[in-house]
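A closer look at the structure
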Amino acid sequence: MLDNIASKRILVLGDVMLDTFVYGHCSRISPEAPIPVVRIEREDVMLGGAGNVARNIAALGGEAVLIGISGPDAAGAALQARIDEEPGIVAEFISDGRPTTQKTRYIAGQQQMLRVDSERADAAEPGPLLAAFLRHLDTVDAVILSDYAKGVLTPALLKDVIAAARAAGKPIVADPKSTDISRYDGVTLMTPNAGEAAAAVGIACDGTDGDAARAADKLLAMMPVSSALLITRGARGMTLAQSGQAVQHFPALAREVFDVSGAGDTVIATLALGLAAGLPIAQATMLANVAAGMAVSKPGTAVVTARELAHELRHESVDITGRKIATLDEALAIVAHWRERGERIGFTNGCFDLIHPGHVSQLAQARGTCDHLIVGLNTDMSINRLKGPSRPVQQENARAIVLASLQSVDLVILFDDDTPMRLIEAIRPDVLIKGKDYTVEQVVGSELVLGYGGQVFLADLAPGHSTTDIIARLKRNAA
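Residues numbered from 1 in each chain as written. Predicted model: local features only at pLDDT ≥ 70, side-chain atom pairs only at ≥ 80, totals over all residues. Heavy atoms only, no water.

Some details on the overall build of the protein chain
Heads up, the condition is: Secondary structure counts use DSSP, requiring at least four H or I residues in a row for a helix and at least two E residues in a row for a strand, with both numbered from the N terminus. To sort residues, take the accessible area from a 1.4 Å probe on protein chains only and compare it with the maximum for the residue type: under 20% means buried, over 50% means exposed, and anything in between is partly exposed. Between two residues, a contact is recorded if the distance between any of their heavy atoms is within 4.5 Å.
Helix and strand content of the protein chain: 17 helices and 18 strands. Dimensions of the protein chain along its principal axes, counting C-alpha atoms only, are 80 × 60 × 40 Å. For the protein chain, the residues scored as buried account for 52% of the 479 residues in total. Intrachain contacts of the protein chain at a sequence separation of at least 6 include 70% that bridge at least 24 residues.

A few points about the packing of helix α2 (residues 50-59) against helix α8 (residues 263-276)
Note the following rule: Geometry is summarised by axes, namely lines fitted to C-alpha atoms with helices restricted to the contacting stretch, and by angles between N-to-C directions that run from 0 to 180 degrees. Reported orientations rely on four angle classes, namely roughly parallel under 35 degrees, roughly antiparallel over 145, roughly perpendicular from 65 to 115, and oblique for the rest. When the near helix sits turned anticlockwise from the far one by under a right angle, the crossing is termed left-handed; a clockwise turn instead gives a right-handed crossing. Residue polarity follows a fixed list, in which Ala, Val, Leu, Ile, Met, Phe, Trp, Tyr, Cys and Pro are nonpolar, Asp, Glu, Lys and Arg are charged, and the others, Gly among them, are polar.
Taken N-terminus to C-terminus, the directions of α2 and α8 make an angle of 50°; their axes are 8 Å apart at the nearest point. Between α2 and α8, the angle falls in the class oblique. Seen along the crossing, α2 lies across α8 with a hand that is right-handed. Counting all contacts with α2, which are made through N52, V53, N56 and I57, the residues of α8 involved are D265, T266, I268, A269 and L273. In terms of residue class, the contact of α2 with α8 is built from five nonpolar, three polar and one charged.

Focus: the nonpolar core
The condition is simple: Residues enter a nonpolar core if they are buried and are Ala, Val, Leu, Ile, Met, Phe, Trp, Tyr or Cys, with the set joined through side-chain atoms within 4.5 Å.
In terms of nonpolar packing, the biggest core is built from 50 residues, with I10, V12, I57, L66, I89, I144 and L309 touching the most fellow members. Here the element with the most residues in this core is helix α9 (residues 281-295); it accounts for nine residues. When near neighbours in sequence (up to four residues on either side) are disregarded, I89 contacts L47, A54, R55, A58, A64, L66 and I83. Judged by nonpolar contacts, the second largest core, of 44 residues, contains I162, I181, V187 and A213.

Description of the packing of aromatic side chains
Under the convention used in this document: Working definition: rings of Phe, Tyr and Trp (its six-membered ring) pair if their centres are within 6.5 Å, and the pair is stacked with planes under 30 degrees apart, edge-to-face with planes over 60 apart, and tilted otherwise. Charge over a ring is defined by NZ of Lys or CZ of Arg lying within 6 Å of the ring centre and within 35 degrees of the ring normal.
Counted by the stated rule, this structure contains one aromatic pair. Ring centres of F21 and Y23 lie 6.4 Å apart, and the angle between their planes is 20°; this geometry places the pair in the stacked category. Y23 shares its class with F21; the two are buried. The ring of Y23 has R42 sitting right over it, with the charged end atom 4.0 Å from the ring centre.

A few points about unusual backbone geometry
For F352, which is not a glycine, the phi torsion comes out positive at approximately 50°. If you trace the backbone, F352 turns up in the loop between β14 (345-350) and α12 (357-367). In this structure, R428 takes a positive phi of about 50° despite not being glycine. With respect to the helices and strands, R428 occurs in the loop between α15 (421-427) and β17 (431-435). Taking relative accessible area as the criterion, R428 reaches 39% and is therefore assigned partly exposed.

Looking at the pairing of strand β11 (residues 228-232)
Where a strand is regular, its side chains alternate between the two sheet faces. Applied cut-off: In this description, strands pair whenever DSSP reports at least two bridges between them.
When you tally the buried positions in β11, you get five out of five residues, the bulk of the element. Here β11 shows a buried face lined by A228, L230 and T232 and a second buried face lined by L229 and I231. Pairing of β11 with strand β12 (residues 238-242), which is carried by five bridges, proceeds in the antiparallel orientation. Its bridge partner lying in β12, A228 is registered against Q242.

With respect to a nonpolar patch on the surface
We count it as follows: The patches described consist of residues with a relative accessible area above 30% and no salt bridge, like charges being joined within 9 Å and nonpolar side chains (Val, Leu, Ile, Met, Phe, Trp, Tyr) within 5 Å. Only the protein chains shown count as covering a residue, and every accessible area follows the Shrake-Rupley method with a 1.4 Å probe. A pair is scored as a salt bridge if a Lys or Arg side-chain nitrogen falls within 4 Å of a carboxyl oxygen belonging to Asp or Glu.
Taken together, M113, L114 and V116 make up a surface patch of nonpolar side chains, about 230 Å² in accessible area. Among the secondary structure elements, V116 is positioned in strand β7 (residues 111-118). Owing to a relative accessible area of 40%, V116 belongs among the partly exposed residues under this scheme.

Details of the sheet that holds strand β16 (residues 411-415)
The five strands are arranged β16-β15-β14-β17-β18 in an open sheet whose pairing can be described as parallel. Two strands bound the open sheet, and with one partner strand each, they are β16 and β18 (455-459). Taken over all neighbouring pairs, the strand axes of this sheet differ in orientation by 25° on average, direction set aside. Where β14 lies against β17, two bridges are found, and the strand directions are parallel. From the neighbouring strand, G346 faces β17, where its bridge partner is V431.

Below, the structure written as structure tokens:
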């Protein structure tokens, strides 16, 4: 996967800034005023804003073409010096008389004490920026619009660059700042954070997955030309909405949060590289989610390298899958925690002997009805009784690992009984899910769930996909 994103060229247009981190030690309060005194020990200066997006692209093995505004001042000179140190970045800056945007953060120990901003954020003249954009457009594989509300991405410029990129067939990823979502319509993927999404639609996105899904659907409806939207929700993970598909949720993967500065830049850089390499949006989102978890574990405006991401992908594929396979007692403890947060629990079950597109579709639909989906999985002994001595084809551990690796599945519980009734009685799901080859009355546990006010959902079937048919076809081919 990562080999495909290497050497992809991404055009980054947006608000470039200089990020300065002043580190020191604080042990007393000033006698002049009730404020901490920080004794400065060192200072780091690096590319920020759209510049940090470009840094992340270069770190991941891509090449960035950076377009923005810089002033004829010391901060502008420092900005150019940092770019000259980055072999994976080429830049074209416009000067319109404003100072270079600079953010200076003062940090004592691991605590940020103060941030000082130097900027002018009035609307920039779009003509020179558009000309620079068009000069480079044909040389790149994708476009990023990095909006920090500092005056570069005006509505007029957005309209022209989105139209030009679409006409050139380039994927466009936008990180918005305006609550006027319509100004970004036409991009391939927009990535508001929870606060930005909530401000645009009036639905809180930092609570349950269900709330985030409703917000994402509403945002997407406000952008009739665009087809996908990703809400980044910090510790709650990410929520992806695509036209005509069930909303997907990606849990946060950070092991330790040290500094969230620039994490959104890491996300958008990884997404753009993934789309430039031809990855489906959901797969690019998975990659970006892993990268974000790494970025917030680092101090300052951090980047994630290709080598670090490759290592983490190997780690997460084992770690996440293992955590999702649980006993009933372990699952009940996890469910109790979810319920404390007011989240909606879904349950489905099956043999899942050979996972095929029909299974994937049904599980995605099931996940769309709830905040967390639990799958009851028949053990080998149970399947043997139900389907005969030739089944299952795959042993229970293999089937559980495959299910647990799916983004739509939150927990897998193996059960020996012929039916999952004991699991349903213990979990008491809010939604019970089966395929439309059942009626509501035929679904095991439906009477119980409906009786306490729950819901039974029958998922659409994907035609032409059946484990029995696959096995029969394999036998014919082997004959």
